[in-house]
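Below are the chains, spelled out letter by letter.
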Amino acid sequence: MATTDRSVERKVLLGHKIRRFREDLGLKQSEMAEQLEISPSYLNLVEHNRRPVTVQFLFRLGQAFDVDLKDFAEDDDARLYAGLREVFGDPLFGDRPVRDADIRAVAEAGPTAAEAVLALYKAYRELREDSQILAEQVASRDTPQGIGGQVFPVEEVREYLQAQSNHFPEIEACAEELWIEAGLDPTDVFRGLGAYLREVHGLEVRVLPVDVMPETTRRFDFHRRRVLLSELLSPAARCFQLAVQVALNTQRDLLDRHVERAELSSPEAERLCRLTLANYLAGCVMMPYGRFLDAARTLRYDIEILQRRFGASFEQVCHRLTSLGRHGARGVPFFFIRVDNAGNVSKRLSGGGFHFARFGGTCPRWIVHDAFRMPGQIRTQLAAMPDGSRYFTIARTVDPIETRTWEQPPQYAIGLGCDVRDAGQLVYADGLDLGNERAATPIGVACRVCERLDCRQRAHPPLNYRLKIDENVRRTTPFTFAPA
C-alpha cells in the first residue's frame, strides 16, 4: 500500500514541469499566477513541490493556456528515476552506493541534472566499450576498425524517438496530403504509389529477380530513374519499401528539418535518423492515422485483422500502434520491443508508464522471450513490476524475413504492452482476471535495478546489495545478497 501511495504522490507533484512550462512561455511567476487567478506565493509552492498539482489547478491551466494536460500527466520522474537507478547500479559505484531516496530526489527536483547524468553515463559506457574493442583487436593483432560503430548512432536515434513519444504531427499530416495528391486506393496502395511516382516524378518501379538483387531488397537507381525492389519481398514489405523510397525522394526537406531538430552528434546518426523518419512516413502512408485508429478501436486492437485490412505485417502494425499520440485522438499508449532469440534488443520504445533499461537487456521472466517456443502464435502475460505497477503484454515472433530457401532467416520476437488499466480495450485480454494481482508474473526492468532478491533467474546483484556467499548452503536461488 505504501508503494502505491508513493506512486500517486510522484504523479501529482509536478512542480518542475509547471516551472519549465512557465519559463518556456517567458512568464514571471506573478504573470502566470495572474492568468491562473491564484496567488504568486501558491504558484511558488507548487513549482517547488510543496503543494500538489490539483485537478482544479490543471483545469485552470488548460483554460488559460494552449496545452495538452496529458503531457503533464506523463510521469517523466519515473523515467528519469528508472534511468538513474540503472546508472547507479553499475559496479562502478559498488563501494559508494547511492541511496534510493537520493536517486528519487534528483529525478524529481533536478530533471535537467538527471538527464545530464544519463548522458554522461552513456558517454562513459561508449568509451568503455571502445576500449574493450581496442584491447581485443590489439590482442589479436587486428587493425582497429569500427570503434564508435553503429550501435551508438542507433541509441542516439532511439532516444530522439523516445523524446518525441514516437509521434510526429508534421509527418502524419504529410502522409495524409500524399494520399490526396496521389489519389491512393486503400485496396491497392502499392499500385497507387507506383503510378504516382511514374506520373508525377518520372520514376519507374520494377520488381527484379533475386538473381539480379541477391543481397539487396530495395535500391534507387538515380541515373535511370528507377526504384528497384526484390521479388523476395512479401506484398506488405514491397509496399512499405516503396513508400520509404517515396518519402526519401519527395519529402526530403521535411525529413531534413526533423533531423536538424534532433541535434545528433554524427553524420551516421543523421542518416539513420532520416531513414527512420522515412520509415515512419511509410507506416503513415500504409496505415493512415484516422482510418487506422478507428479500425484499431473497433477491432479492439486485434493486430492480425489489422494486418489484413491494411496489407501490413505484424511488426508494421505493432510499430504503428505506438505512434497514435495525436492530441484529441490518442490510441492506447503502448510500449514496444524487438529481441532476437539470444535476447539482444534491436528495437525498443517505452510507453504507457513502462520504462526499458537504457543500457543492457531485459528481464528473462518476460513473455517476449518465450515467444520463440511457439512461432507465429500470440502469447499473453500479466506482469507486475517491483514498484507494484502492472502491465499487460502480448508477444509473438515476427513474420519470416525474406531469404533464399537454403539461408536461415533471422529470428525476432515482438513484445507489445500497455498499462493494465488500458488492457480491457484489447481483445487479447478477454477472459483474463486483470484485477487479480496474484495472477501477475513478477518481472523487473533489468537485474541491476530489480529488487526481487528471490528471483531464480537473476544474473547480477541489485543496486545497494552485495553478493553473499555461503559454501555450506545451496539455495533455490542462484545468489544470496546482503545490503551494501
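Rules used throughout
- Residues numbered from 1 in each chain as written.
- Predicted model: local features only at pLDDT ≥ 70, side-chain atom pairs only at ≥ 80, totals over all residues.
- Heavy atoms only, no water.
- Helix = DSSP H or I, 4+ residues; strand = E, 2+ residues; numbered from the N terminus.
- Buried < 20%, exposed > 50% of the residue type's maximum accessible area, 1.4 Å probe, protein only.
- Axes fitted to C-alpha atoms, helices over the stretch in contact; angles between N-to-C directions.
- Parallel < 35°, antiparallel > 145°, perpendicular 65-115°, else oblique.
- Contact = heavy atoms within 4.5 Å.
- Nonpolar A, V, L, I, M, F, W, Y, C, P; charged D, E, K, R; others polar.
- Expected span 1.5 Å × (residues − 1).
- Salt bridge = Lys/Arg side-chain N within 4 Å of Asp/Glu carboxyl O.
- Arc of directions from axis to C-beta.
- Core = buried A, V, L, I, M, F, W, Y, C linked by side-chain atoms within 4.5 Å.
- Pairing = 2+ DSSP bridges.
- pLDDT = per-residue confidence, 0-100.
- Phe/Tyr/Trp six-rings, centres within 6.5 Å; stacked < 30°, edge-to-face > 60°.
- Lys NZ or Arg CZ within 6 Å of the ring centre and 35° of its normal.

Q: Explain unusual backbone geometry to me, please; I cannot follow it from the model alone.
A: Comment: phi is negative for the bulk of residues other than glycine, and the bulk of peptide bonds are trans. The phi angle at Glu 37 is positive, at roughly 60°, despite the residue not being glycine. Relative to the helices and strands, Glu 37 resides in the loop between helix H3 (29-36) and helix H4 (40-47). Take Glu 37: its relative accessible area is 64%, and that puts it in the exposed class. The phi dihedral of Asn 166 falls on the positive side, at around 50°, and the residue is not glycine.

Q: What is the right way to read the packing of helix H17 (residues 303-310) against helix H18 (residues 314-321) from this model?
A: For any two helices packed against each other, the geometry is given by the interaxial angle and the distance between the axes. Closest axis-to-axis distance for the H17/H18 pair is 9 Å, and the angle between their directions is 105°. Relative to H18, the element H17 is oriented roughly perpendicular. Along its contact with H17, which presents Ile 303, Leu 306 and Gln 307, the element H18 presents Phe 314, Val 317, Cys 318 and Leu 321. Classifying every residue of the contact of H17 with H18 by side-chain character gives six nonpolar, one polar and no charged.

Q: Whenever I open this one, helix H13 (residues 235-250) confuses me. Can you help?
A: One turn of the α-helix equals 3.6 residues, which is why residues spaced by three or four share an orientation. Its 16 residues give H13 an end-to-end C-alpha distance of 22 Å, which sits within 8% of 22 Å, the value for a rise of 1.5 Å per residue. Counting buried residues in H13 gives 13 out of 16 residues, a clear majority hidden from the surface.

Q: When you look at the pattern of salt bridges in this model, what are you seeing that I'm missing?
A: Proximity of charged atoms lets side chains of opposite charge pair with each other. This structure, assessed with the given rule, holds 17 salt bridges. For Glu 170, the salt bridge goes to Arg 261, with nearest N and O atoms at 2.6 Å. Here Arg 261 lies in helix H14 (residues 252-262) and Glu 170 lies in helix H11 (residues 169-182), a separation of 91 residues in the sequence. A residue is classified by how much of its surface remains accessible, and Arg 261, at 46% relative accessible area, is partly exposed. We note a salt bridge from Glu 172 to Arg 320, for which the minimum N-O separation is 2.8 Å.

Q: How do you make sense of H3 when you look at a structure like this?
A: If you check which residues of H3 are buried, you get Met 32, Ala 33 and Leu 36. Taken end-on, H3 shows its buried residues confined to a sector of 100°, consistent with a single buried face. Buried residues along H3 sit against helix H2 (15-25), H4 and helix H5 (55-64). Glu 37 occupies a position one or two residues after H3 and carries a positive phi of about 60°.

Q: I tried to follow the nonpolar core on my own but got confused; where do I start?
A: General note: in soluble globular proteins, nonpolar side chains tend to be found buried as a group. Residues Val 285, Ile 303 and Leu 321 are the most contacted members of the largest nonpolar core, which totals 78 residues. The element that contributes the greatest number of residues to this core is helix H15 (residues 267-286), accounting for ten residues. Beyond its immediate stretch of four places on either side in the chain, Val 285 contacts Ala 175, Leu 178, Trp 179, Leu 184, Val 189 and Leu 193. The next biggest cluster of nonpolar side chains, apart from the first, holds 17 residues, and it includes Cys 363, Ala 371, Ala 395 and Ala 413.

Q: Could you clarify how one ought to interpret the sheet that holds strand S2 (residues 218-221) in this entry?
A: Strands belonging to one sheet form pairs held by backbone hydrogen bonds; the direction of such a pair is parallel or antiparallel. Sheet architecture is open: three strands sit in the order S1-S3-S2, paired in mixed fashion. Among the strands making up the open sheet, the edge pair consists of strand S1 (204-208) and S2. Strand-to-strand twist in this sheet, taken as the mean axis angle between neighbours without regard to direction, amounts to 20°. In this structure, S2 lies alongside strand S3 (residues 226-230), joined through four bridges in antiparallel fashion. Paired with Asp 221 across the bridge in S3 is Arg 226.

Q: Help me out: how do you make sense of the confidence of the model for the protein chain in this one?
A: Caution is warranted with low-pLDDT regions, since their predicted coordinates should not be read in detail. Confidence in the prediction for the protein chain averages 83 pLDDT; 84% of positions are at 70 or higher. Note on residues 135-151: pLDDT is under 50 here. Beyond four places in sequence and across chains, it has eleven contacts.

Q: Got a minute to help me understand the environment of Arg 320 in this structure?
A: Checked against the element boundaries, Arg 320 lands in helix H18. Taking the C-alpha atoms as reference points, Arg 320 and Met 286, separated by 34 residues in sequence, lie 9.6 Å from one another. The contacts of Arg 320, once residues within four sequence positions are left out, are Glu 172, Tyr 280, Gly 283, Cys 284, Met 287, Pro 288, Tyr 289 and Phe 292.

Q: Would you explain the sheet that holds strand S11 (residues 441-442) in this entry?
A: Strand order in the open sheet formed by six strands is S7-S6-S10-S9-S8-S11, and the pairing between neighbours is mixed. Every interior strand has two partners, whereas the edge strands, strand S7 (345-349) and S11, have only one. Two strands pair when backbone bridges link them, and strand S6 (residues 335-340) and strand S10 (residues 412-419) are joined in this way by six bridges, in the antiparallel orientation. Paired with Phe 335 across the bridge in S10 is Gly 417. Relative to S10, H18 is tilted by about 30°, and along the sheet it contacts S6, S7, strand S9 (390-397) and S10.

Q: How should the packing of aromatic side chains be read in this particular structure?
A: Two aromatic rings are characterised by how far apart their centres lie and by the angle between their planes. Counting across every chain of the model gives eleven aromatic pairs. For the pair Phe 292 and Phe 310, a centre-to-centre distance of 5.2 Å together with 65° between the ring planes defines the contact as edge-to-face. Separated by 18 residues along the polypeptide, Phe 292 in helix H16 (residues 289-298) and Phe 310 in helix H17 bring together distant segments of the chain. Considered together, Phe 292 and Phe 310 belong to a single accessibility category, that of buried residues. Pairing Phe 354 with Tyr 391 gives two aromatic rings, centres 5.2 Å apart and planes at 90°, and the pair type is edge-to-face. Here Phe 354 is found in the loop between S7 and strand S8 (379-384), whereas its partner Tyr 391 is found in strand S9, with 37 residues between them in sequence. We classify Phe 354 as buried; its relative accessible area is 4%. A relative accessible area of 5% means that Tyr 391 is categorised as buried. Three or more aromatic residues link up through ring pairs in this structure, and these residues are Phe 335, Phe 354, Trp 366 and Tyr 391. Against the face of Phe 314 rests Arg 396, its NZ or CZ located 4.0 Å from the ring centre.

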